[in-house]
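Observations on the three-dimensional arrangement
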Amino acid sequence: MQSTHPLNVLKFCPKCGSPELNSHADLSLKCTNCGFHFYVNSAAAVAALVVNPEGKLLLTTRAVEPDYGKLDLPGGFIDPGESAEEAVERELFEELGMKVKSMEYFTSAPNEYIFSGISVFTLDMAFRVIPETVSGLKAQDDILDFRFYAENEIDFNQIPAPSINYFVKQFFRK
């Protein structure tokens, strides 16, 4: 277990502030002072697979940590009360000004990345997206740039997120 795993990082109870926060084998933390019980679970996130008329896949360049300047798929965390499909539509509009014509679930994969010194675990869900148009897109929100790539143009070492790397490889296999 990495030093950034929440069971290794969280030392004080978030409810009462007590240092009596103990880790358990079931991936949880329990405070013996107030009884607060916290489970380390995965957050839900989405990624969009968008293709232009030439059959090239849209990849973005990250404008935020982790992995600033590296390649990614458009997407992000699912907000509370939001469906995965609603998150895809929202993220594409926020990041690129893109509107979705239709989408279809593709596959999922677990992911872990370090943010603010703590491991964040996610279950990432990928969707094939048909946009209303791929013209007039603009990099905004948490992306620096974007480009459509053929498989042979992609340096997979520049896609550090294991789930995103997996999605892109699977996309070109199908």
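Note that this is a predicted model, so its numbers are computed, not measured. (Residues numbered from 1 in each chain as written. Predicted model: local features only at pLDDT ≥ 70, side-chain atom pairs only at ≥ 80, totals over all residues. Heavy atoms only, no water.)

Bringing the state of the cysteines into the picture now. For the structure on display, the rule yields zero disulfides. Between Cys-16, a free cysteine, and Cys-31, which holds the nearest cysteine sulfur, the sulfur-to-sulfur gap is 3.7 Å. The thiol sulfur of Cys-34 is not disulfide-bonded, and the nearest other cysteine sulfur, from Cys-13, lies at 3.7 Å. Owing to a relative accessible area of 32%, Cys-34 belongs among the partly exposed residues under this scheme. (Disulfide = S-S within 2.5 Å. Buried < 20%, exposed > 50% of the residue type's maximum accessible area, 1.4 Å probe, protein only.)

With that out of the way, let us pick up the sheet that holds strand 3 (residues 37-39). Ordered in space as 1-2-3, the three strands form an open sheet in which the pairing is antiparallel. If you trace the sheet from one side to the other, it starts and ends with strand 1 (21-24) and strand 3, each paired once. Averaged over all adjacent pairs, the angle separating strand axes in this sheet is 20°, with direction ignored. The sheet contact formed by strand 1 and strand 2 (residues 28-31) spans four bridges and is antiparallel. Counterpart to His-24 in the pairing with strand 2 is Ser-28. (Pairing = 2+ DSSP bridges. Helix = DSSP H or I, 4+ residues; strand = E, 2+ residues; numbered from the N terminus. Axes fitted to C-alpha atoms, helices over the stretch in contact; angles between N-to-C directions.)

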